[in-house]
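# Coordinates in review
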Amino acid sequence: MIAAETYSRIVDPTDRSTAVIFGDGAGAVVLRRGQEADPGALLAWDLGSDGTGCDLIQVPAHAAHRGAQDGQGIVPGYFTMAGRPVYLQAIERMAGSCRQVTAACSWNPADVQLLVPHQANARIIRGVADRLGIAEDRAVCAIEEVGNTSAASIPLALATAARQGRLKAGARTVLTAFGGGLTWGSVAMTGPSCLPIDSEI
């Protein structure tokens, strides 16, 4: 599974509310067929969306302020985000989704050994961990190193956890993400026995 983002193409470099947050990045995870008892097994997943929040994160195609056309004569707009509403939605949706997958595994959320959230910002990561009763040191945060790389952030966070020796075989692990649309999802899994840790930022 490969995820890559080039936010530098759509972020307004003069907009301090977005330019200092988002980064370009790519990450990959290798999956294989296995059994439920194997380290790295995917045990439960949850996906959700709410189209009523579609205007909170967007790239308006009609915006003319970028001042440059592509080869088809289209004038794209810059990425925009309603910071406070997105912050609140991200915490609520990711925490709720994590509860769904931990309940499906009969886990107490507080007993999750590693939380690997979408790397939106450190406050959101802390907020999700706090809502779930997960100790902050069990939540992976790679924001200072790579920023918010959107879809690439979870593979990059997994690589960070692996480099730090925090990704333990068989450990109760939850991945969770949130994005435009609005959309969200989570996976409960056991820690893999090995993980490629090559990544590009």
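Below is a summary of the structure that appears in this document.

Each value, and the rule that gives it
Residues numbered from 1 in each chain as written. Predicted model: local features only at pLDDT ≥ 70, side-chain atom pairs only at ≥ 80, totals over all residues. Heavy atoms only, no water. Buried < 20%, exposed > 50% of the residue type's maximum accessible area, 1.4 Å probe, protein only. Helix = DSSP H or I, 4+ residues; strand = E, 2+ residues; numbered from the N terminus. Contact = heavy atoms within 4.5 Å. Polar contact = N/O pair within 3.5 Å; in protein donor to acceptor, adjacent residues only side chain to side chain. Core = buried A, V, L, I, M, F, W, Y, C linked by side-chain atoms within 4.5 Å. Phe/Tyr/Trp six-rings, centres within 6.5 Å; stacked < 30°, edge-to-face > 60°. Pairing = 2+ DSSP bridges. Salt bridge = Lys/Arg side-chain N within 4 Å of Asp/Glu carboxyl O. Axes fitted to C-alpha atoms, helices over the stretch in contact; angles between N-to-C directions.

## Notes on helix α2 (residues 122-132)
Residues I124, I125, G127, V128, A129 and L132 constitute the buried set of α2. Buried residues along α2 sit against α1 (83-104), β6 (114-117) and α3 (143-146). Two or three places before R123, at the start of α2, stands the capping residue N121, its side-chain oxygen 3.0 Å from that residue's backbone nitrogen. G133 sits one or two residues past α2 and shows a positive phi near 75°.

## What to know about the nonpolar core
In this structure, I57, L115, I124, V128, V174 and F178 are the most contacted members of the largest nonpolar core, which totals 33 residues. It is α1 that contributes the most residues to this core, eight residues altogether. Setting aside residues no more than four positions away along its own chain, I124 makes contact with Y87, A90, I91 and M94. Ranked by size, the runner-up nonpolar core spans eleven residues in total, among them L114, A157, L158 and M189.

## A short note on the packing of aromatic side chains
Using the criterion set out here, one finds three aromatic pairs in the structure. Ring geometry for Y7 and F22: centres 4.7 Å apart, planes at 15°, overall stacked. In this pair, Y7 sits in the loop between β1 (2-5) and β2 (25-28) while F22 sits in the loop between β1 and β2, placing the two residues 15 residues apart along the sequence. F22 shares its class with Y7; the two are buried.

## Remarks on the environment of L175
Relative to the elements of secondary structure, L175 occurs in strand β7 (residues 172-179). For L175, a relative accessible area of 15% puts it in the buried group. Expressed as a C-alpha distance, the spacing of L175 and P155, which sit 20 residues apart in the sequence, is 9.9 Å. Apart from the residues within four sequence positions on either side, L175 is in contact with V116, I154, L158, G185, S186, V187 and M189.

## A few points about the environment of D130
Its place among the elements puts D130 in helix α2. Considered as a pair, D130 and A95 are 35 residues apart in the sequence and their alpha carbons are 9.1 Å apart.

## Quick word on the pairing of strand β8 (residues 183-190)
For β8, the buried fraction is high: six of the eight residues fall into the buried class. Of the strand pairs in this sheet, strand β3 (residues 42-49) and β8 are connected by seven bridges, and their pairing is antiparallel. Counted as the bridge partner of G48 is W184 from β8. Count of turn residues in the β7/β8 antiparallel hairpin: three residues, of which G181 carries a positive phi of about 135°.

## Things to note about the pattern of salt bridges
If you walk through the whole model with that rule in mind, you get two salt bridges. As a salt-bridge pair, D50 and R93 come within 3.0 Å of each other at their nearest N and O atoms. Of this pair, D50 sits in the loop between β3 and β4 (57-58) while R93 sits in helix α1, placing them 43 residues apart in sequence.

## A word on the sheet that holds β7
Spatially, four strands are ordered β3-β8-β7-β6 in an open sheet, and the strand pairing comes out mixed. Each edge of the open sheet is held by one strand with a lone partner, namely β3 and β6. Neighbouring strand axes in the sheet, compared pairwise and without regard to direction, differ in orientation by 10° on average. Across the sheet, helix α4 (residues 153-163) touches β6 and β7, and the angle it forms with β6 is around 145°.

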